[in-house]
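Letter by letter, the chains look like this.
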Amino acid sequence: MNHNQQSNEVRHDDENALSDFLASLTDYTPTIPDELVEHYLAKSGFQCPDVRLTRLVAVAAQKFVSDIAIDALQHCKARQAAVVRDKKDKQQKEKRLIMSMEDLSKALQEYGVNVKHQEYFADNPSAGLESASRDE
């Protein structure tokens, strides 16, 4: 078998796999609704009547969000493990994980998304003191 025949067989297998995958998208109901995906696709100037393509975008978006959530969870676990090591008291270790905006921001940064959030009073104990001292 020469190289051209092998590459044709590989291409044929890839086309069959793609056809099977696209056919499976017809029956699949993604987590992100078709209407929402169609809205944002239309907002960006893209329109396609094929529901399979809409669902393919939904699956890609779902994977993206899932990857970010997993990475944020890893940041959360690492942060809370560092707190436990600092306290040196294993009895105080909480079993509940509390994900913070900081964890999410770090995970998003890995994907090139920079998030800036406003400072709230709970984020910084001295945030409200500057205005209170001016009033006195």
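Conventions adopted
- Residues numbered from 1 in each chain as written.
- Predicted model: local features only at pLDDT ≥ 70, side-chain atom pairs only at ≥ 80, totals over all residues.
- Heavy atoms only, no water.
- Patch = residues over 30% accessible without salt bridge, like charges linked within 9 Å, V, L, I, M, F, W, Y side chains within 5 Å.
- Areas by Shrake-Rupley, 256 points an atom, 1.4 Å probe, with all protein chains shown as cover.
- Salt bridge = Lys/Arg side-chain N within 4 Å of Asp/Glu carboxyl O.
- Lys, Arg positive; Asp, Glu negative; His and termini not counted.
- Charge placed at Lys NZ, Arg CZ, Asp CG, Glu CD.
- Helix = DSSP H or I, 4+ residues; strand = E, 2+ residues; numbered from the N terminus.
- Buried < 20%, exposed > 50% of the residue type's maximum accessible area, 1.4 Å probe, protein only.
- Polar contact = N/O pair within 3.5 Å; in protein donor to acceptor, adjacent residues only side chain to side chain.
- Contact = heavy atoms within 4.5 Å.
- Phe/Tyr/Trp six-rings, centres within 6.5 Å; stacked < 30°, edge-to-face > 60°.

Concerning a negative patch on the surface
- Where like charges cluster on the molecular surface, the negative patch consists of E9, D13, D14 and E15.
- Relative to the helices and strands, E9 resides in helix α1 (residues 3-27).

A short note on helix α4 (residues 101-110)
- Residues of α4 that are buried include every one of D103, S105, A107 and L108, and no others.
- Downstream of α4 by a residue or two, G112 has a phi angle that is positive, lying close to 85°.

Description of the side chain of D103
- As for its placement among the helices and strands, D103 is situated in helix α4.
- Taking relative accessible area as the criterion, D103 reaches 1% and is therefore assigned buried.
- Among the polar contacts listed, one links the side chain of D103 to the side chain of R79, at a separation of 2.7 Å.
- Apart from the residues within four sequence positions on either side, D103 is in contact with A72, H75, C76, R79 and I98.

Points about the packing of aromatic side chains
- Per the counting criterion, the structure on display carries one aromatic pair.
- On the numbers, 5.6 Å between centres and 85° between planes, the contact of F64 with Y111 is edge-to-face. You can see F64 sitting in helix α3 (residues 51-87) and its partner Y111 sitting in the loop between α4 and α5 (129-135), a full 47 residues away along the chain.
- Given a relative accessible area of 37%, F64 falls into the partly exposed group.

Some details on the environment of A107
- On the secondary structure map, A107 appears in helix α4.
- When the C-alpha positions of A107 and A72 are compared, they lie 5.1 Å apart, and in sequence the two are 35 residues distant.
- Setting aside residues up to four positions removed in sequence, A107 forms contacts with I68, D71, A72 and H75.

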